[in-house]
Amino acid sequence: MTPAAGKKILIVEDEKDILELVKLYLEKEGFRTCTATTGQEGLRQVHDAHPDLVILDLMLAEMDGLEVCKRIRADPHTSMTPIIMLTAKAEESDMVIGLELGADDYVTKPFSPKSLVARVKALFRRLERKQEEPSRYTYGPLVLDLARHEVKANGRDVPLTAKEFGLLEHLLRNPGRVMTRDVLLNSVWGYDYYGTTRTVDVHIRRLKQKIPLLNEAIVSVKSLGYKLKEQ
Ligand code: CA
């Protein structure tokens, strides 16, 4: 038994042969699966079936994989769902956009089902390691201590407001991942907060003023939101 056995994986792929093959290999490894052949159906399944991971083909009719990925990430209920994107070699630039939009990994076609299964397992292992909640996060000379509720940069205390602290914590928890303004707003300010997404921009700016190394480390991603660069 693998540690990931029993986990539910949604496969969104319009090529039936590939869909069946991937499904077969995953089930052989003890994963549960659900499937969709269009972007819309995939998105619906993400909401209804609550998969632990999504394998998402980039080239889908009507709503393509990038759009599906973007929508999964933009919805606070599904934003943390791990995604592996299937791309063709010729779509390398799309793959880069896919990763920017928050796909956790990608596999280029043609691929062997075995290698895809290996990537799935590797991603679950990575996520499980992440879930062992650390009590502190470090990023270069920056240390955020959750228990003490303090932040130090180069050994010096950085006084932050509660919201600035929450925002920084959220970014440090998700390096390399695009966090949309909506997700940040909901995570840090809460669902009942009636502010605008501009609030997030203002607080990011303040964080950067207080901690200069974040000027380089936090990048804004098109019209979506922010990302803490991976170290
Ligand atoms: Ca396809």
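None of these values were measured; they are calculated from a predicted model. (Residues numbered from 1 in each chain as written. Predicted model: local features only at pLDDT ≥ 70, side-chain atom pairs only at ≥ 80, totals over all residues. Heavy atoms only, no water.)

Colleague: Whenever I open this one, the sheet that holds strand S3 (residues 53-57) confuses me. Can you help?
Modeller: By way of backbone hydrogen bonds, the strands of a sheet pair with one another, either parallel or antiparallel. Reading across from one edge, S2-S1-S3-S4-S5 is the order of the 5 strands in this open sheet, with parallel pairing throughout. Of all strands in the sheet, those with a lone pairing partner are strand S2 (32-36) and strand S5 (105-109), marking the two edges. Between one strand and the next, the sheet's axes are offset by a mean angle of 20°, whatever the strand orientation. The pairing of strand S1 (residues 8-12) with S2 spans 5 bridges and is classified as parallel. Within S2, the residue paired with Ile9 across the bridge is Thr33. Along the sheet, helix H2 (residues 39-49) makes contact with S1, S2 and S3, crossing S2 at roughly 145°. Set on the sheet, helix H3 (residues 65-74) makes contact with S3 and strand S4 (83-88); between it and S4 the angle comes to about 165°. (Pairing = 2+ DSSP bridges. Helix = DSSP H or I, 4+ residues; strand = E, 2+ residues; numbered from the N terminus. Axes fitted to C-alpha atoms, helices over the stretch in contact; angles between N-to-C directions. Contact = heavy atoms within 4.5 Å.)

Colleague: What exactly am I supposed to notice about the coordination of the calcium ion here?
Modeller: Geometry reference: four tetrahedral donors at a metal, ideal angle 109.5 degrees. Six octahedral donors, ideal angles 90 or 180 degrees. For the calcium ion, the protein coordination sphere consists of Asp14 (OD), Glu15 (OE), Asp57 (OD) and Met59 (O), at 2.1 to 3.1 Å. Here the donor residues of the calcium ion are spaced in sequence according to D-E-x41-D-x1-M. Residue Asp14 is found in the loop between S1 and helix H1 (16-28), and its partner Asp57 is found in strand S3; the two are separated by 43 residues along the sequence. Judged by its relative accessible area of 32%, Asp14 is partly exposed. Classification of Asp57 as buried rests on a relative accessible area of 2%. (Donors = N, O, S within 2.8 Å, 3.2 Å for Na, K, Ca; no water. Buried < 20%, exposed > 50% of the residue type's maximum accessible area, 1.4 Å probe, protein only.)

Colleague: Please clarify how the side chain of Thr33 should be interpreted in this entry.
Modeller: With respect to the element layout, Thr33 can be found in strand S2. Looking at Thr33, its side chain comes within polar contact range of the side chain of Glu27, at 2.5 Å. (Polar contact = N/O pair within 3.5 Å; in protein donor to acceptor, adjacent residues only side chain to side chain.)

Colleague: Looking at this structure, I do not really get the packing of aromatic side chains. What am I missing?
Modeller: For any two aromatic rings, the description comes down to two numbers: the centre-to-centre distance and the angle of the planes. Applying the stated rule across the entire model yields 1 aromatic pair. For the ring pair Phe31 and Phe124, a centre distance of 5.9 Å and an interplane angle of 20° mean the geometry is stacked. One end of the pair, Phe31, is in the loop between H1 and S2; the other, Phe124, is in helix H5 (residues 113-131), and 93 residues separate them in sequence. Judged by its relative accessible area of 3%, Phe31 falls in the buried class. Judged by relative accessible area, Phe124 falls into the buried class, the value being 4%. Residue placement shows Lys7 over the ring face of Phe124; its charged tip is 4.9 Å from the ring centre. Positioned over the ring face of Tyr25 is Lys28, at 4.3 Å from the centre of the ring. (Phe/Tyr/Trp six-rings, centres within 6.5 Å; stacked < 30°, edge-to-face > 60°. Lys NZ or Arg CZ within 6 Å of the ring centre and 35° of its normal.)

Colleague: What am I meant to see in the packing of helix H6 (residues 162-173) against helix H8 (residues 198-210) here?
Modeller: Each packed pair of helices is defined by two parameters, the angle between the axes and the distance between the axes. In the contact formed by H6 and H8, the axes pass within 10 Å of each other and the chain directions differ by 85°. One way to sum up the angle between H6 and H8 is to call them roughly perpendicular. Residues Lys163, Glu164, Leu167, Leu168 and Leu171 of H6 touch H8, and the partners they reach there are Val200, His203, Ile204, Arg206, Leu207 and Lys210. (Parallel < 35°, antiparallel > 145°, perpendicular 65-115°, else oblique.)

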